[in-house]
Structure formats: structure tokens, C-alpha cells
Amino acid sequence: MNADWFLRRASACLLLLAAGAAHAASALFISSSPIQPGKFRLLAEHAAAHGVRVEARFIEKLPPDVDAGLFRGHDFVFFDTPRDHLRDAVQARLAPALQALKTPSLWLHDGQPSWNGLPDALAKRLHAYYMNGSKTNFTGFFQTLAAHHAGRSWSGIAPPVVFPKTAIYHPAAPGLVFADTAGYLAWKKVDATGTGKPPVIAIALHQQYIAAEQTAFINDLIARIEAAGAVPLAFYSPVMDADAMRRIMAPGGRQLAEVLINTQIMLNPEGRRKEFEAMGVPVIQAMPYRKGDAAAWAADPQGVALMDVPFYLAQAEYAGVADIQIAAATDKQSDQIVPIAAQSAAVVAKALNLARLQKKPNAEKKIAVLFWNYPPGEKNLGASYMNLPRSL
């Protein structure tokens with residue numbers, strides 16, 4: 001063997017590496033707010049391990065004259081639009097570009113996925129991986145995508161892990177979620193019928209928090225509840241199911257949770273109002289600030305984005321949610337939703353105090369009455385939809 005042989009061998013290796021790089025799959029993800037950019041940072045990390053390059057674009061940041069050039073250079077296009085209003089917004093914004101889309105594509109939607117240029121079995125499998133989410137499923141998603149792109153069989157890759165439509169979540173749970181309350185309590189070793197039962201604080205979240213691996217905010221609430229000696233009951237359920245919360249919080253008709261911390265968007269205020277009234281427990285709300293980090297929130301004169309008012313404030317208050325607080329913000333470096341420590345602590349403290357209040361004897365309770373004194377005057381007491389003298 002001589003120097004020429006080594007040079008030829010090295011050149012061949014470089015050519016093979018270059019060819020591999022040239023044929024690496026490129027996947028474009030298109031989405032819209034409130035889907036978090038941090039989700040796609042994590043996806044890019046999962047994808048890179050399997051030779052797939054990920055690019056993410058949000059319709060809010062696309063130029064007004066965007067055309068089919070948006071899709072150029074990509075082998076696959078995925079539209080992350082899990083709900084109808086997100087899908088409709090993306091379709092309206094990209095209408096001219098979509099007419100010329102020839103790249104294999106998949107619309108990732110909760111109930112009505114659609115695809116073009118992909119085999120049916122592959123599209124259904126990719127959709128199941130993605131919509132259920134979590135590290136395990138995203139790994140399977142990119143393994144399968146890479147195998148298909150390379151012309152290899154993906155039959156030996158682990159199938160999607162399908163999460164229940166309604167489930168209880170805990171970051172330390174073996175499978176992340178439990179399908180029912182009984183299984184969760186058994187894992188936590190909590191006797192729900194015992195006289196010494198600790199306070200149970202429920203947390204309503206979106207399954208997308210788990211699917212997108214954006215659970216830092218929820219995990220912080222869970223940890224604070226446990227540190228106080230109470231039991232967290234963090235669960236997700238379909239936002240349009242008007243009885244799902246009660247099935248989790250009052251299994252078999254027996255009320256388990258004393259307080260509910262809601263982090264869900266409010267899309268069904270009338271249904272939720274009836275459900276909250278039937279359960280008869282206090283409901284408070286913790287919501288994220290998506291326009292920036294904790295410092296940006298502290299400097300914001302309003303503190304709540306205008307677009308969040310209908311779904312996190314107005315409809316939530318109509319449904320009976322009280323004391324709505326910002327408890328998380330968007331980390332600049334990772335684009336992840338992370339807790340604002342003081343705010344998160346305040347939410348949990350309020351929930352625990354409400355739970356204690358329910359067991360406190362009336363003789364030990366102290367009540368303060370605040371009223372809106374305008375125009376000034378000692379007889380100027382008023383309230384909406386209340387018989388004030390009887391109420392006082």
C-alpha cells in the first residue's frame with residue numbers, strides 16, 4: 001500500500017459522505033401561534049439524530065407575497081395545525097402557495113388529517129407519532145421518515161405510543177400518564193377514602209404540553225404542590241368535552257379534588273360553567289406569557305396579550321374561573337414555556353389556602369368585604385346580579 005492508495009481511499013470516503021449529506025431528508029414544518037417555537041427546537045434535535053434536517057416557519061413571520069418558493073429545497077412539508085382555527089389560518093395565509101405545492105405533505109390535525117404524495121399507511125403512522133408526541137414518539141417519527149426517504153422498510157420501527165384522550169399526567173410516572181384516577185392514586189399510594197387524606201389539587205392542562213415536551217411549567221406546579229404535602233392531580237382532556245373534568249376530579253361521583261388550577265384555553269365556557277357548578281370547587285387559573293420572558297412580562301404595562309383576553313380572561317371568568325394569574329413566560333434561549341417562580345408559588349399557595357378553607361370551622365373564618373365605592377358615598381353599595389343586603 002502506498003500514498004496513492006490512501007489518497008484514493010480517502011477521496012472515496014469523502015464522496016460517500018458528501019452523497020449521504022446531499023440525500024439527507026429535509027422537513028419543513030409550518031405552523032401558527034400559539035404553537036411554541038421551542039417545540040421545533042426539540043424536534044430539530046430529535047431529527048438530527050436520524051439524519052433529518054428540520055426547518056420551522058410561522059405564518060405570522062412570512063412575507064406578504066410568500067409563494068411556492070417557501071417549499072423549495074425540502075423533501076417533506078408538515079403543517080402543525082392541530083385545531084380547526086389554526087388549519088384555517090394557515091390555509092388562508094398560504095392560499096396561493098398551496099396551489100403550487102408538489103412536495104409530499106401532511107396536515108397534522110387532531111381529527112381530520114390529510115396528505116398528498118405520501119402512502120396512506122405512512123401518513124397515518126407519522127400522524128399518530130406526531131399528534132401523540134413525547135420523546136418516544138418523535139424518535140419514531142423521524143426514524144420512520146428517514147427510512148422512507150432512504151427507501152428502507154420501516155416495519156421494524158416501534159409503533160406509535162397512543163395516549164388516551166383523557167389522562168392523568170405526572171413527570172415521574174412510568175408511562176407519563178394514567179388512563180384513570182384510580183390507577184394514578186394507587187401509584188401515588190394515596191387512600192382517597194381515608195379520613196386523613198391530604199389535600200388534592202387538580203391541574204387541567206393541554207395534551208399538547210406533553211406532546212410538544214413543554215411541561216416545565218406544569219412540572220413546577222406539581223413539584224410545589226407535592227412539597228407542601230398535598231397531592232397533585234394533573235390531567236388533560238378535550239376542551240370541548242363538558243364532562244371530562246368531572247370524570248377525573250370526581251370519579252364515581254365522589255368529589256376528590258378540593259381545588260382546580262386551570263391552564264387550558266377556554267373554548268366551551270357554557271359547558272365548563274355547568275361542569276364547575278356541578279363540582280362545586282374553587283377554580284383558579286395560571287396562564288403563560290408568550291410575548292417574552294419574565295422580565296418582559298414585568299415590564300409590560302398590560303401584562304396580558306390582547307389576543308389572550310377572550311380565551312384566558314373573558315370566557316374563563318364567565319365560566320366561573322377566579323384569580324387569573326400569569327405564572328409562566330417564554331425563555332429567550334430555548335423558546336420554552338418556563339415558570340415564573342414567584343407567580344407559580346403564588347398560584348399554588350392560593351390553591352392550598354382554598355383547600356384549607358373548606359375544612360376550617362366557620363367560627364375560625366375571618367371575612368373581609370371589599371366594594372367599589374364610586375361615586376363616593378357610604379350608601380353607595382352595588383353589585384352585578386346579586387341581592388346585596390342578603391349577600392352581606
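For every chain, the first residue of the written sequence is number 1, and numbering continues from 1 along that sequence. Only residues with pLDDT of at least 70 get local features here, since the model is predicted, and only at 80 or more are side-chain atom pairs given and counted; chain-wide, interface and lining totals rely on the full set of residues. To obtain the side-chain values, all non-hydrogen atoms of the structure were used and water was disregarded.

Peer 1: Looking at this model, I keep getting lost on the sheet that holds strand S9 (residues 231–236). Mind explaining?
Peer 2: Paired through backbone hydrogen bonds, the strands of a sheet run either parallel or antiparallel to each other. In spatial order, the strands read S7-S6-S9-S8-S10-S11-S12-S13; together these 8 strands make up an open sheet with mixed pairing. Two strands bound the open sheet, and with one partner strand each, they are strand S7 (177–178) and strand S13 (337–339). Criterion used throughout: strands pair if DSSP finds at least two bridges between them. Helix and strand definitions follow DSSP, with helices as H or I runs of at least four residues and strands as E runs of at least two, each counted in order from the N terminus. Here strand S11 (residues 283–289) pairs with strand S12 (residues 322–330) via 6 bridges, running parallel. The partner of Ile284 across the bridge, within S12, is Ala322. Two residues form a contact once any of their heavy atoms are found within 4.5 Å. Helix axes are fitted to C-alpha atoms over the stretch in contact, other axes to C-alpha atoms as well, and angles between N-to-C directions run from 0 to 180 degrees. Each of strand S8 (200–205), strand S10 (259–262), S11, S12 and S13 is contacted by helix H14 (residues 341–359), which is oriented at about 150° to S12, the strand it contacts most.

Peer 1: In this structure, what is going on with unusual backbone geometry? I would like to understand it.
Peer 2: For residues that are not glycine, phi is negative in most cases, and the peptide bond is trans in most cases. Residue Pro34 is bonded to the preceding Ser33 through a cis peptide linkage, with omega at 15°. For Pro34, the position within the fold is in the loop between strand S1 (25–31) and helix H2 (37–48). For Ser134, which is not glycine, the phi torsion reads 90° and is therefore positive. In this structure, Ser134 sits in the loop between helix H5 (120–132) and helix H6 (135–150). For every residue, the accessible area (1.4 Å probe, protein chains only) is compared with the maximum for its type, and the residue is labelled buried under 20%, exposed over 50%, or partly exposed between those bounds. Since its relative accessible area comes to 6%, Ser134 is described here as buried. Despite not being glycine, Asp335 shows a phi value in the positive range, around 60°. Assignment of secondary structure puts Asp335 in the loop between S12 and S13.

Geometry only, nothing functional implied.
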